[in-house]
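Chains, contacts and geometry: an overview
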Amino acid sequence: MFNNLKETDPEIFGTVTGEIDRLNSTLELIASENFVSKAVLEAAGNVMTNKYAEGYPGKRYYGGCEQVDIAEDLARNRAKELFDAAYVNVQPHAGAQANMAAFFSVLKVGDTILGMDLAHGGHLTHGSPVNFSGKLYQIVSYGVEKDTGRIDYDKLADLAKKVKPQLILAGYSAHPRELDFPKFREIADSVGAFLMADIAHIAGLCAVGLHPSPIPYCDIVTTTTHKTLRGPRGGMIMAGEKFADKKIIDPWSGKERKLRGAISSRVFPGTQGGPLMHIIAAKAVAFHEALQDDYKVYCRQIIDNAAALAGSLMDEGFNLVSGGTDNHLMLVDLTNKGVTGKDAEDALEDSGITVNKNMVPFDQNSPMVTSGIRIGTPALTTRGMKESEMKRIGQLISRVIANIGNEDVYSETRSEVKKFCDEFPLYIF
Ligand code: DSN
């Protein structure tokens, strides 16, 4: 495989084969990453990258769209079935673009968003001052409680009453607990706000019923397609039966229209041009895979693996934010170990274990240093690992963090990681 690439561009060929080697020989514990199937890879890397298809199936601005129309319809219909959604837009290039189009569908510049603080598990696009969301909107952040690591919904309701946001955002990139969407709806209704969920991390779990679905409760639901959902890198916007045809005032025209129409216009032509048709085809393949029975078994195992890894780390004396996890990720507060997130990330990387440094709630360190690491199980679960491997991985992580700077420990750990990886082969071309 990759013979043409090898001949044309040996340097990039080297990075691709190097990346395959890296994936095959290390333990991938970044909570937002996964390994797609070879079918998804083939769909993502083919001639559909050539096609311009601005517009939507049946209503394009270019000829020659008959095949890509079929692909986009398959992607939309499969996503509708998977999430029980009435409206799906598979064109957002990424999660940030999905969130931008969603905000632009219902908010005027200067409106107020109530979203989760980045340091408490939120996301850049949920109102960070260095992101368009923080520049264009008034942002009021909510967080988790210091003692429980959980959202206090009564406090959130009080805050909403005080700031009267136009939109409340439920969702996170680093929160280990279930979200209570009915409660969020109640709070949004109490102040007349739109409710949006960003389920980028938990989309797969929501699709199979292992996390409550936001679709019956939220006006707009955004997601990425490459995390637990195990598809190509990309974004998507959905709305449920109750909301897709809801009449709203389009903030760009000032006229009344259906929510689904506003979302479609904000994705294209509002914020994007030609959709990435090869990626949309790959999204369709991933949704097909997620509709099979074994995908639910996979998602169950992600959660069981996260619980096993969390248990192993707690046995080793680690403090987990909120004391554990309900989902695919955990947030380890390293303060009691006297190690920063950055040093832990670097030491683990040198030992063949990939995680990311992450702020913990009420963190005193900067985002480039942090006091914690975020760990997730979707990728290793795809590799076939189960609870016993998770227990051992928890012990390996503990050994490395107890021996920061000890190259012998890193090297012994790398050898053990290599053995693990050989037992669970990943990409063989
Ligand atoms: N950067 C992603 C994550 O790691 O969670 C979210 O966009």
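For the structure itself, consult the block above.
Below or above, wherever it landed, is the structure these notes cover. (Residues numbered from 1 in each chain as written. Predicted model: local features only at pLDDT ≥ 70, side-chain atom pairs only at ≥ 80, totals over all residues. Heavy atoms only, no water.)

1. Things to note about the overall build of the chain
Looking only at helices and strands, one finds 17 helices and 17 strands in the chain. At 22 Å, the chain has a C-alpha radius of gyration in line with the 22 Å of a compact globule built from 429 residues. Dimensions of the chain along its principal axes, counting C-alpha atoms only, are 65 × 60 × 40 Å. Within the chain, the fraction of its 429 residues that count as buried is 55%. The long-range fraction of contacts in the chain, counting pairs at least 24 apart against all pairs at least 6 apart in sequence, stands at 70%. (Helix = DSSP H or I, 4+ residues; strand = E, 2+ residues; numbered from the N terminus. Rg over C-alpha atoms; globule rule 2.2 N^0.38 Å. Buried < 20%, exposed > 50% of the residue type's maximum accessible area, 1.4 Å probe, protein only. Contact = heavy atoms within 4.5 Å.)

2. Overview of the packing of helix α14 (residues 341–350) against helix α16 (residues 387–401)
Where α14 meets α16, the axes come as close as 9 Å, and the angle between the chain directions of the two elements is 115°. Judged by the twist between their axes, the crossing of α14 over α16 is right-handed. Of the residues in α16, those touching α14 at Ala 344, Ala 347 and Leu 348 are Ile 397, Val 400 and Ile 401. Residues of the contact of α14 with α16, tallied by class, amount to six nonpolar, no polar and no charged. (Axes fitted to C-alpha atoms, helices over the stretch in contact; angles between N-to-C directions. Left-handed = near helix turned anticlockwise from the far one by under 90°. Nonpolar A, V, L, I, M, F, W, Y, C, P; charged D, E, K, R; others polar.)

3. A few points about the pattern of salt bridges
Pairs may arise between side chains of opposite charge once their charged atoms sit close together. Per the stated rule, a full pass over the model turns up 20 salt bridges. Residue Arg 76 is joined to Asp 73 by a salt bridge in which the shortest nitrogen-to-oxygen separation is 3.0 Å. Here Arg 76 pairs with Asp 73, and both are found in helix α4 (residues 66–83), just three residues apart, close to one helical turn. We classify Arg 76 as buried; its relative accessible area is 19%. Lys 183 is the partner of Glu 186 in a salt bridge, and the nearest nitrogen-oxygen pair spans 3.7 Å. Placement of both Glu 186 and Lys 183 in helix α8 (residues 181–191) is noted, with a separation of three residues, approximately one turn of the helix. (Salt bridge = Lys/Arg side-chain N within 4 Å of Asp/Glu carboxyl O.)

4. Describing the environment of Gly 209
On the secondary structure map, Gly 209 appears in the loop between α9 (203–207) and β9 (220–224). Residue Gly 209 is classed as exposed on the basis of its relative accessible area, which comes to 56%. As for Gly 209 and Arg 300, which are separated by 91 residues in sequence, their C-alpha atoms are 9.9 Å apart.

5. As for the site of the ligand
As a matter of local geometry, the ligand sits amid Ser 32, His 123, Ser 173, His 201, Lys 227 and Arg 374. At 2.8 Å, a side-chain N or O of His 123 approaches an oxygen atom of the ligand. Residue Arg 374 places a side-chain N or O atom 2.7 Å away from an oxygen atom belonging to the ligand. Starting from 230 Å² of accessible surface for the ligand in isolation, the protein chains cover 63%. (Near = heavy atom within 4 Å. Polar contact = N/O pair within 3.5 Å; in protein donor to acceptor, adjacent residues only side chain to side chain. Areas by Shrake-Rupley, 256 points an atom, 1.4 Å probe, with all protein chains shown as cover.)

6. Things to note about the nonpolar core
Counting residues in each nonpolar core, the largest one holds 68 residues, and the members touching the most others are Phe 83, Ile 151, Ile 168, Phe 184, Ile 199 and Met 238. By residue number, the principal contributor to this core is helix α12 (residues 277–290), which donates eight residues. Every residue in contact with Met 238, bar those within four places of it in the chain, is listed here: Phe 83, Ala 85, Tyr 87, Val 88, Ile 199, Ile 215, Asp 219, Ile 220, Val 221 and Thr 223. If you look at the next biggest cluster of nonpolar residues, it comprises 33 residues, including Ala 310, Leu 320, Leu 334 and Ile 373. (Core = buried A, V, L, I, M, F, W, Y, C linked by side-chain atoms within 4.5 Å.)

7. With respect to the sheet that holds strand β17 (residues 372–376)
The strands making up a sheet associate through hydrogen bonds between their backbones, and the pairing can be parallel or antiparallel. With antiparallel pairing, the four strands of this open sheet are ordered in space as β13-β14-β17-β16. Since the sheet does not close on itself, it has two edges, and those belong to β13 (319–320) and β16 (356–358), each with one partner. Judged from the three bridges that link them, β16 and β17 form a sheet pairing that is antiparallel. The partner of Asn 358 across the bridge, within β17, is Gly 372. Those strands touched by α14 are β16 and β17, and its axis lies near 45° from that of β17. (Pairing = 2+ DSSP bridges.)

8. Examining a negative patch on the surface
Taken together, the side chains of Glu 349, Asp 350, Glu 407 and Asp 408 define an acidic patch exposed on the protein surface. Elements with a minimum of two residues in the negative patch: α14 and α17 (407–423). Along the chain, Glu 349 falls in helix α14. (Patch = residues over 30% accessible without salt bridge, like charges linked within 9 Å, V, L, I, M, F, W, Y side chains within 5 Å. Lys, Arg positive; Asp, Glu negative; His and termini not counted. Charge placed at Lys NZ, Arg CZ, Asp CG, Glu CD.)

9. Topic: a nonpolar patch on the surface
A contiguous nonpolar surface patch, about 310 Å² in accessible area, is contributed by Met 1, Leu 41 and Phe 429. Tracing the chain through its elements places Leu 41 in helix α3 (residues 38–44).

10. A look at the pairing of strand β8 (residues 194–198)
With respect to burial, β8 is a largely interior element, five of its five residues being buried. Residues Phe 194, Met 196 and Asp 198 line one face of β8 and the alternating positions Leu 195 and Ala 197 line the opposite face, and both faces are buried. Bridge count for strand β7 (residues 167–171) against β8 is five bridges, and the pairing is parallel. Counterpart to Leu 169 in the pairing with β8 is Met 196. Of the pairings in the sheet, the one linking β8 to β9 comprises three bridges and is parallel in character. Across the sheet, residue Ala 197 finds its bridge partner in β9, namely Val 221.

11. What about the environment of Ala 207?
Along the chain, Ala 207 falls in helix α9. The class of Ala 207 is buried, set by a relative accessible area of 17%. Measuring from C-alpha to C-alpha, the distance between Ala 207 and Ser 388 comes to 27 Å, with 181 residues separating the pair along the chain. With residues up to four places along the chain from it excluded, the contact list for Ala 207 reads Leu 82 and Phe 83.

12. A word on helix α13 (residues 293–315)
Over its 23 residues, α13 extends 34 Å from the first C-alpha to the last, a length consistent with the 33 Å expected when each residue adds 1.5 Å. Just past α13, the residue Gly 317 takes up positive phi, approximately 90°. (Expected span 1.5 Å × (residues − 1).)

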